[in-house]
Number of protein chains: 2
Amino acid sequence: MHLNPIQLFDTESSTFTYILSAPGSPEAVIVDPVDRQLERDLRHLERLGLKLAYVLETHAHADHVTSAGELRDLTGAKAAVPSGCGIAPAEMQLNDGDVLTFGNGEMIEVIHTPGHTAGSMSYLWRGNVFTGDTLLIDGCGRTDFQSGSADALYDSVTRKLFALPDDVRVWPGHDYKGQSVSTVGWEKRHNARLANRSREEFIKLMGELNLPKPKLIDIAVPANQNLGLPHGG
Amino acid sequence: MHLNPIQLFDTESSTFTYILSAPGSPEAVIVDPVDRQLERDLRHLERLGLKLAYVLETHAHADHVTSAGELRDLTGAKAAVPSGCGIAPAEMQLNDGDVLTFGNGEMIEVIHTPGHTAGSMSYLWRGNVFTGDTLLIDGCGRTDFQSGSADALYDSVTRKLFALPDDVRVWPGHDYKGQSVSTVGWEKRHNARLANRSREEFIKLMGELNLPKPKLIDIAVPANQNLGLPHGG
Ligand SMILES: [Fe+2]
Ligand SMILES: [Fe+2]
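Residues numbered from 1 in each chain as written. Chains lettered and ligands numbered in written order. Predicted model: local features only at pLDDT ≥ 70, side-chain atom pairs only at ≥ 80, totals over all residues. Heavy atoms only, no water.

**Student:** Teacher, can you tell me more about the state of the cysteines here?
**Tutor:** What is meant by a disulfide is a covalent connection between two cysteines, made through their sulfur atoms. All names here are of chain A. One pass over the full model with this rule turns up zero disulfides over all chains. No disulfide involves C85; its nearest neighbouring cysteine sulfur is the one of C140, lying 17 Å away. Among the residues examined, C85 registers a relative accessible area of 6% and is labelled buried. (Disulfide = S-S within 2.5 Å. Buried < 20%, exposed > 50% of the residue type's maximum accessible area, 1.4 Å probe, protein only.)

Rendered as structure tokens:
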């Protein structure tokens, strides 16, 4: 049966964090927590009576620092990360097709969706897909740095994510317009960048975006590859 | 079985709008929609494949204008509003104890929770309570205008909302700190204004807040009493 996650938003980086849980167990999973929201997120787990089993990252973020390491250390949860993102100190390195279980038989399927970064993963749980910066609502993540590839993102979205059932709900890593959720069916038909567009058109479009370099990238990526924890010395 | 609603946020007024739906039917209910988010909300209903059965208001808001009338007119949903709020053009005037049904046997219980305004209602659905501005996360709505009463709010929260099971999730009408959801149990034990405080202490506290008059109140309240639609004439 379909269950919505709890969606939390960091206004400074426009990042969504998700808490996944289901009746029958207090175990929960958090996806893409943000460092400056550590207290908020801990308090939500406490308020909801939840016990964190896993901290999941969709990729090594360039625009904000994760709280994955701190959350893990404070709660005893395991950090589970995409194997191709260079996030060394995590308990689990995830690969395409892996299944993570928590709570009372809850299953999260790992789908490798490279393109925004080479290691980016999407996570499928109870008819919801958490797409990180691969597929956004009516958009997609940039592909011009951090081992990004418009060619790879085109395949990840059109062959993997758009192959999911139409009613699967799409929960993105960011939104800049106050939106919360979409569906595979809607994005397949209407996504401004990816619907009804050839691979060549998409690669050309992404190559012409000329986006500024993210302000935090030189700090955030190395920090996130250490789960947001200070580098030991 | 517990289901989370979909939570949408208007950054300008820090207002939450909720979409309620359940497997087995495309029928949905929206709670407290905001005028400037009309397009966003219509698009979410479209993306999720939902058909609006009811537009629900928790009270006649003073800080933003509702899109209830427009949503109703565009979707064919019925507007359902608290009977004591002077919202004349609604299809349904709700009273304490009423039950609204939609979808495949989904039930919404109406709980009269005066205090922020005399007519304010809370709505209980599948282990979630939508509290409008009566009970906020670690706070409560003001009680100094619009037929507000700290005395009445104290009873509404401590006798009615805190009497719900501890694990009922509390979804407020506003939040100003990036928070999403709480529970009855947590608020009962920790709410900064209402936990472990006598009626007299609470009334004194609320009387000393000295909040500025909401900028939009003289426009918003009459507009909202007409479901946000232009007054004819
Ligand atoms: Fe990213
Ligand atoms: Fe209000």
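**Student:** Would you take a moment to explain the coordination of the iron ion (ligand 1) for this structure?
**Tutor:** When a metal carries six donors in an octahedron, the ideal angles between them are 90 or 180 degrees, while four donors in a tetrahedron ideally lie at 109.5 degrees. All names here are of chain A. Here the iron ion (ligand 1) is held by the protein donor atoms H59 (NE2), H116 (NE2) and D133 (OD), which lie 2.0 to 2.2 Å from it. Between consecutive donor residues of the iron ion (ligand 1), the sequence gaps follow H-x56-H-x16-D. One end of the pair, H59, is in the loop between β4 (51–56) and α2 (68–75); the other, H116, is in the loop between β8 (106–112) and β9 (121–125), and 57 residues separate them in sequence. Overall, the relative accessible area of 1% leaves H59 in the buried class. (Donors = N, O, S within 2.8 Å, 3.2 Å for Na, K, Ca; no water. Helix = DSSP H or I, 4+ residues; strand = E, 2+ residues; numbered from the N terminus.)

**Student:** Can you walk me through the interface of chain A and chain B in this structure?
**Tutor:** For interface size, the figure often reported is the accessible area lost on association. In this complex, chain A contributes 32 residues to the contact, which on the side of chain B involves 32 residues. Contact between chain A and chain B buries roughly 2500 Å² in total, counting both sides, with carbon and sulfur atoms accounting for 55%. Sorting the residues of chain A by area buried against chain B places M1, R47 and W186 of chain A first, and these three jointly supply 26% of that buried surface. In this assembly, chain A and chain B are joined by zero salt bridges. If you look at where chain A meets chain B, you find 15 residue pairs in polar contact (both at pLDDT 80 or more). Within the residue set of the side of chain A that touches chain B, elements represented by two or more residues are β1 (6–10), α1 (38–47), β13 (169–172), β14 (182–183) and α4 (184–190) of chain A. If one sorts the elements of the side of chain A that touches chain B by residue count, α1 of chain A sits on top with five residues. (Contact = heavy atoms within 4.5 Å. Buried area = accessible area lost by both parts, 1.4 Å probe. Salt bridge = Lys/Arg side-chain N within 4 Å of Asp/Glu carboxyl O. Polar contact = N/O pair within 3.5 Å; in protein donor to acceptor, adjacent residues only side chain to side chain.)

**Student:** Which parts of the structure should I look at to understand the sheet that holds strand β8 (residues 106–112) of chain B?
**Tutor:** Strand pairing in a sheet takes place through backbone hydrogen bonds and is either antiparallel or parallel in direction. Read from one edge to the other, the open sheet built from six strands follows the order β7-β8-β9-β10-β13-β14 (chain B), with strand pairing classed as mixed. Since the sheet does not close on itself, it has two edges, and those belong to β7 (99–102) and β14 (182–183) of chain B, each with one partner. (Pairing = 2+ DSSP bridges.)

**Student:** I tried to follow the coordination of the iron ion (ligand 2) on my own but got confused; where do I start?
**Tutor:** Residues and elements named next belong to chain B. Taken together, H59 (NE2), H116 (NE2) and D133 (OD) make up the protein donors of the iron ion (ligand 2), found 2.0 to 2.3 Å from the metal. Expressed as a motif, the donor residue spacing for the iron ion (ligand 2) is H-x56-H-x16-D. Placement of the pair is H59 in the loop between β4 (51–56) and α2 (68–75) and D133 in the loop between β10 (128–132) and β11 (135–136), with a sequence separation of 74 residues. Of the two residues, H59 and D133, neither departs from the other in class, the shared state being buried.

**Student:** Whenever I open this one, empty space enclosed by the protein confuses me. Can you help?
**Tutor:** Scanning the model with the defined rule gives one cavity of 30 Å³ or more in all. By volume, the largest cavity is sized at about 50 Å³. In terms of lining residues, the largest cavity is bounded by P5, I6, Q7 and W171 of chain A together with P5, I6, Q7 and W171 of chain B. Among the elements of the structure, β1 of chain A together with β1 (6–10) of chain B are those that each provide at least two residues to the lining of the largest cavity. By residue class, the composition of the lining of the largest cavity is six nonpolar, two polar and no charged. (1 Å grid on protein atoms, 1.4 Å probe; cavity = no way out; pocket = protein on both sides within 12 Å on 5 of 7 lines; lining within 4 Å. Points joined across faces, edges and corners; volume = space filled by probe spheres on them. Nonpolar A, V, L, I, M, F, W, Y, C, P; charged D, E, K, R; others polar.)

**Student:** How should I be thinking about the relation of the copies chain A and chain B in this particular structure?
**Tutor:** Mapping between the two chain copies consists of a rotation about an axis together with a translation along that axis. The transform that puts chain A on chain B rotates by 180° and translates by 0.0 Å along the axis, for an RMSD of 0.0 Å. The superposition of one copy onto the other is thereby described by a two-fold rotation axis. Looking at chain A, 100% of its interface residues are interface residues in chain B too, so the copies touch through the same face. (Least-squares fit on C-alpha atoms with pLDDT ≥ 70 in both.)

**Student:** Before we go on, may I ask you to explain the sheet that holds strand β2 (residues 15–20) of chain A in this structure?
**Tutor:** All names here are of chain A. Across the sheet, six strands lie side by side as β1-β2-β3-β4-β5-β6; this open sheet has mixed pairing. Edge positions in the sheet fall to β1 and β6 (92–94), since each of these pairs with one other strand and no more. Averaged over all neighbouring strand pairs, the angle between strand axes comes to 25°, with direction disregarded. Across three bridges, β4 lies against strand β5 (residues 78–82) in parallel orientation. Counterpart to V55 in the pairing with β5 is A79. Contacts from α1 reach β1, β2, β3 (27–31) and β4, with the element oriented near 160° to β1. (Axes fitted to C-alpha atoms, helices over the stretch in contact; angles between N-to-C directions.)

**Student:** Would you mind going over the environment of K78 of chain A with me for this structure?
**Tutor:** Residue and element names in this part refer to chain A. If you trace the backbone, K78 turns up in strand β5. Relative accessible area serves as the criterion here: at 41%, K78 is assigned to the partly exposed category. Between the C-alpha atoms of K78 and V29, which are 49 residues apart in sequence, the distance is 9.6 Å. Apart from the residues lying within four places of it in its own chain, the contact partners of K78 are A53, Y54, V55 and E91.

**Student:** Would you take a moment to explain unusual backbone geometry for this structure?
**Tutor:** Peptide bonds are mostly trans, and most non-glycine residues show a negative phi. Residue and element names in this part refer to chain B. Here D138, not a glycine, exhibits a phi torsion of approximately 60°, which is positive. For D138, the position within the fold is in the loop between β11 and β12 (139–140). On the accessibility criterion, D138 (26% relative accessible area) is partly exposed. The phi angle at L227 is positive, at roughly 60°, despite the residue not being glycine. The residue L227 is located in the segment after α6 (217–224) in this model.

Distances and angles like these do not, on their own, reveal function.
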